[in-house]
Amino acid sequence: TGPLFRAAKAAWLPETVLDQHPRMRLAIAWALAMSDRHQEAQIQAQAILRSAEPEEAVQYEVDLILSAAAYFADEPDRAARVMERWGDTPPTDDDWLQQVHANRLAARATMLGEYAASRHLLRQTPRGGSTVACRYVSRWRDYITGFGYLLEGQMLLEERTLRPAPCQAHDDLADLSVRFHVVD
C-alpha cells in the first residue's frame, strides 16, 4: 500500500478533513476500487455524494469508481449498470476520464462478443496525455483490444497488441518506485 492508504488507515485523515477535500477522498476511493477493497471504495465514493451537492463531473467520476470497484470484484454486469446513465459520451473534457469511459464501454462490448464494436469505441477516443495515469489507462485499452483479438482467434494481432505491455508497465513501476522512494 502507498502513502495515501497508510495516511487514511492511520486516521491521519479524519472524516471531517476528507469531507472538506473531496478530491482527496476521490483519490482514496480510486485506489481502493482497483485493489481488493471494493466495499471500502463504495463507502468512500458514496460519502462524496452525501457530503455536498457534487457537480455532474464529480458524480460521473464517482460512478466510474463504483464501476471499477464492481469490475474488479468480478461483477461486470453491475459495473455496466452503474455506467448506463452516462451513455456513450462522458460529461467531461478530461482526457483520462474519457479514456476510462471508453474502456468501460469497450470492455462491455467485448464481454458481449462485439469485438469490432469494442475496437471502434477505443479508436474513437484519443489516448490522452503522457502521465502515468494516462499510460495506465492506455494499457487497459490495449488489454481490451488484445483480449478481443484472442477471443476472435487472431493470435498474431493479439500478440502485437499485448507484447509491449509488460515492458511499459515495468518502466512505469520503476519510475514510480524512484519517485515514492524519494517522497517516502
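These numbers were taken from a predicted model, which means no experiment stands behind them. (Residues numbered from 1 in each chain as written. Predicted model: local features only at pLDDT ≥ 70, side-chain atom pairs only at ≥ 80, totals over all residues. Heavy atoms only, no water.)

Right, let's talk about the overall build of the chain for a bit. The helix and strand tally for the chain stands at eleven helices and zero strands. In sequence order, the secondary structure elements of the chain are arranged as α-α-α-α-α-α-α-α-α-α-α. Put simply, the chain has 184 residues, and 39% of those count as buried. Residue pairs in contact within the chain that sit at least 24 positions apart in sequence constitute 55% of those at least 6 positions apart. For the chain, the accessible surface area stands at approximately 10,700 Å², while carbon and sulfur atoms represent 56% of it. (Helix = DSSP H or I, 4+ residues; strand = E, 2+ residues; numbered from the N terminus. Buried < 20%, exposed > 50% of the residue type's maximum accessible area, 1.4 Å probe, protein only. Contact = heavy atoms within 4.5 Å. Areas by Shrake-Rupley, 256 points an atom, 1.4 Å probe, with all protein chains shown as cover.)

Once that is clear, we can look at unusual backbone geometry. Residue Asp74 is not a glycine yet carries a positive backbone phi of 65°. On the secondary structure map, Asp74 appears in the loop between helix H5 (56-72) and helix H6 (76-83).

Looking now at the environment of Gln98. Structurally, the position occupied by Gln98 is in helix H7 (residues 95-111). Overall, the relative accessible area of 21% leaves Gln98 in the partly exposed class. With 27 residues separating them in the primary sequence, Gln98 and Thr125 have C-alpha atoms 7.2 Å apart. Non-local contacts of Gln98, meaning those with residues more than four positions away in its chain, are made with Pro90, Thr92, Asp93 and Thr125.

In this section: the packing of helix H8 (residues 115-124) against helix H9 (residues 132-152). Taken N-terminus to C-terminus, the directions of H8 and H9 make an angle of 160°; their axes are 10 Å apart at the nearest point. With respect to their mutual orientation, H8 and H9 come out roughly antiparallel. Relative to H9, H8 is oriented so that their crossing is left-handed. Only Arg141, Ile144, Thr145, Gly148, Tyr149, Leu151 and Glu152 of H9 make contact with H8, whose side of the interface consists of Tyr115, Ser118, Arg119, Leu122 and Arg123. Looking at the contact of H8 with H9, its residues break down into five nonpolar, three polar and four charged. (Axes fitted to C-alpha atoms, helices over the stretch in contact; angles between N-to-C directions. Parallel < 35°, antiparallel > 145°, perpendicular 65-115°, else oblique. Left-handed = near helix turned anticlockwise from the far one by under 90°. Nonpolar A, V, L, I, M, F, W, Y, C, P; charged D, E, K, R; others polar.)

Below, the discussion takes up the pattern of salt bridges. The full count for this structure, using the stated rule, is seven salt bridges. The partner of Glu75 in a salt bridge is Arg78, with the nearest N and O atoms 2.6 Å apart. Since its relative accessible area comes to 34%, Glu75 is described here as partly exposed. Arg119 is the partner of Glu152 in a salt bridge, and the nearest nitrogen-oxygen pair spans 2.9 Å. Taken together, the positions of Glu152 in helix H9 and Arg119 in helix H8 put the pair 33 residues apart, joining distant regions of the chain. (Salt bridge = Lys/Arg side-chain N within 4 Å of Asp/Glu carboxyl O.)

This brings us to empty space enclosed by the protein. Scanning all chains against the criterion turns up one cavity of 30 Å³ or more. For the largest cavity, the lining is made up of 14 residues, of which Phe72, Val100, Asn103, Arg104 and Trp140 are closest to its centre. Contributing elements (two or more residues each) for the lining of the largest cavity: H5, H7 and H9. With five residues, the top contributor of residues to the lining of the largest cavity is H7. For the lining of the largest cavity, the per-class residue count stands at twelve nonpolar, one polar and one charged. (1 Å grid on protein atoms, 1.4 Å probe; cavity = no way out; pocket = protein on both sides within 12 Å on 5 of 7 lines; lining within 4 Å. Points joined across faces, edges and corners; volume = space filled by probe spheres on them.)

Within the secondary structure layout, Ile144 lies in helix H9. Classification of Ile144 by relative accessible area gives buried; the value is 5%. Look past the residues within four positions of Ile144 in its chain and what remains in contact with it is Asn103, Ala106, Ala107, Thr110, Ser118 and Leu122.

The subject of this paragraph is the confidence of the model for the chain. A residue-level look at the chain finds 85% of positions with pLDDT of 70 or above and a mean pLDDT of 82. No element of the chain has a lower mean pLDDT than helix H1 (residues 3-9), which averages 52, and none a higher one than H8, which averages 94. In the predicted structure, residues 180-184 sits below a pLDDT of 50 and forms three contacts with residues beyond four places in sequence or in another chain. (pLDDT = per-residue confidence, 0-100.)

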